[in-house]
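As a plain string of letters, each chain reads:
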Amino acid sequence: TYKSNPFHTVLALQALWGLVTMLVIIGSAQAGFGSSGFLGTVALELQDDDGLPSLLGGGPSHPLCDSMEHAACLNSLQVGAVACTCLSSRGWDAHTLLAVVADLSNAISSALVFRRLSAVAKYVCRASSAVPMYLFYTSVGRSSWDTRIFAILVLLCLQVGVYTMQRNRAESQAEAAFVEHYSATGNNKNL
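In this convention, every chain numbers its residues from 1, walking through the sequence in written order. The predicted origin of the model limits local features to residues at a pLDDT of at least 70 and limits the giving and counting of side-chain atom pairs to 80 or more, whereas totals for whole chains, interfaces and linings rest on all residues. Side-chain measures were taken over the full set of non-hydrogen atoms in the model, leaving aside hydrogen atoms and water.

1. Observations regarding the overall build of the protein chain
Counted only if it meets this: Numbering of helices and strands runs from the N terminus; a helix is a DSSP stretch of H or I covering at least four residues, while a strand is a stretch of E covering at least two. Think of it in three bands: with a 1.4 Å probe and only protein chains considered, a residue is buried below 20% of the maximum accessible area for its type, exposed above 50%, and partly exposed in between. Note on contacts: a residue pair qualifies if any of its non-hydrogen atoms lie within 4.5 Å across the two residues. In this description, accessible areas are obtained by the Shrake-Rupley approach with a 1.4 Å probe, and a residue is regarded as covered only by the protein chains that are shown.
A count of helices and strands for the protein chain gives seven helices and zero strands. Along the chain direction, N to C, the helices and strands of the protein chain fall in the order α-α-α-α-α-α-α. Per-residue burial over the protein chain gives 14% buried out of 191 residues. Contacts in the protein chain between residues far apart in sequence, at least 24 positions, make up 40% of those at least 6 positions apart. Within the structure as shown, the protein chain displays about 14200 Å² of accessible surface, and the carbon and sulfur contribution to it stands at 65%.

Okay, structure coming up:
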């Protein structure tokens, strides 16, 4: 189990499950499962413009924003016509590398936290961090403000808070009942 093994074993298990998950997702996408949903977008990300496999340089088949193809599309637009779609970059860049480092840091911190806290406590902390992260993303311009999303996040945090209080109250009552029963049966000679 996670709590009884040394840290490096826990870290290796986290890395292994992350690798297995990535390989299953990539393999499923390449095999054509779920081509219209999430796996379909993954399959597009793993191909270049010619449809050849490209792990680190692939992306959707939209042209780059500074390409001649996109410029021709913009020139041919008329009022009310379909908009042109383009990409600012394709493949790995500093943002992609930062996302990978953040994901690896999350795996390491999860391994550390999982050794000290229960899984419930870990997920309570993760759910409670949704509101500050949403506020951060909207303040730096990574996402636009949506009152509905914010309300859902606040409701999620309230629900997690109510669950935590109910669980804590139930554990306290069970402990108090045990102490009361233990005292009432006269088994307190060694206290």
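2. Some words on the layout of surface pockets
As a reminder of what qualifies: A pocket, in this scheme, is an open set of points on a 1 Å grid over the protein atoms alone with protein on both sides within 12 Å along at least 5 of 7 lines, while a cavity is a set where a 1.4 Å probe fits but cannot get out; residues line either one if an atom lies within 4 Å of a point. Grid points are joined across faces, edges and corners, and a volume is the space filled by probe spheres set on the points. Any residue outside Ala, Val, Leu, Ile, Met, Phe, Trp, Tyr, Cys, Pro, Asp, Glu, Lys and Arg is labelled polar, Gly included; the first ten of those are nonpolar and the last four are charged.
Approximately 390 Å³ is the volume found for the second largest pocket. If you trace the second largest pocket, you find it lined by His95, Leu98, Ala102, Asn106, Arg126, Ser129, Met133, Phe136, Tyr137, Val140 and Arg142. Listed by contribution, the elements that provide at least two residues to the lining of the second largest pocket are α4 (94-116) and α6 (130-139). Take the lining of the second largest pocket: its biggest share by element is four residues, from α4. Its residues placed into classes, the lining of the second largest pocket shows six nonpolar, three polar and two charged.

3. Let's talk about the packing of aromatic side chains
Quick reminder of the rule: Aromatic rings from Phe, Tyr and Trp, with only the six-membered ring used for Trp, were paired whenever their centres fell within 6.5 Å, and each pair was classed as stacked if the ring planes differed by under 30 degrees, edge-to-face if by over 60, and tilted otherwise.
One pass over the structure, following the stated rule, counts four aromatic pairs. Ring centres 4.9 Å apart and planes at 40° place the aromatic pair tryptophan 145 and phenylalanine 150 in the tilted group. Judged by its relative accessible area of 46%, tryptophan 145 is partly exposed. Classification of phenylalanine 150 by relative accessible area gives partly exposed; the value is 22%.

4. Considering the side chain of serine 28
Here serine 28 lies in helix α1 (residues 7-31). What makes serine 28 buried here is its relative accessible area of 18%.

5. Concerning the confidence of the model for the protein chain
What counts is decided by this rule: A residue's pLDDT is the predictor's confidence in that residue, given on a scale from 0 to 100.
Across the protein chain, pLDDT averages 76, with 81% of residues at or above 70. Confidence, read as mean pLDDT per element, is least for helix α2 (residues 38-45) in the protein chain (71) and greatest for α6 (87).

6. A word on the state of the cysteines
What counts here: Only a pair of cysteine sulfur atoms within 2.5 Å qualifies as a disulfide here.
All told, the structure shown has one disulfide when counted by the stated rule. The disulfide bridge from cysteine 73 ends at cysteine 84, spanning 1.8 Å between sulfur atoms. Across the disulfide from cysteine 73 to cysteine 84, rotation about the S-S bond amounts to roughly -95°, and the bridge is consequently left-handed. With cysteine 73 in helix α3 (residues 68-76) and cysteine 84 in the loop between α3 and α4, the pair connects residues that are eleven residues apart, well separated along the chain. The exposure class assigned to cysteine 73 is partly exposed, which follows from its relative accessible area of 27%. Owing to a relative accessible area of 17%, cysteine 84 belongs among the buried residues under this scheme.

7. Re the side chain of threonine 138
Keep this limit in mind: Think of a polar contact as two N or O atoms within 3.5 Å of one another; within protein, one of them needs to be a possible hydrogen donor and the other a possible acceptor, and neighboring residues in sequence only count if both atoms come from side chains.
By secondary structure assignment, the location of threonine 138 is in helix α6. For threonine 138, a relative accessible area of 18% translates into the label buried. Reaching out from threonine 138, the side chain makes a polar contact with the backbone oxygen of leucine 135 at a distance of 3.0 Å. In this structure threonine 138 touches Ser143, Ser144 and Trp145, once residues within four positions along its chain are discounted.

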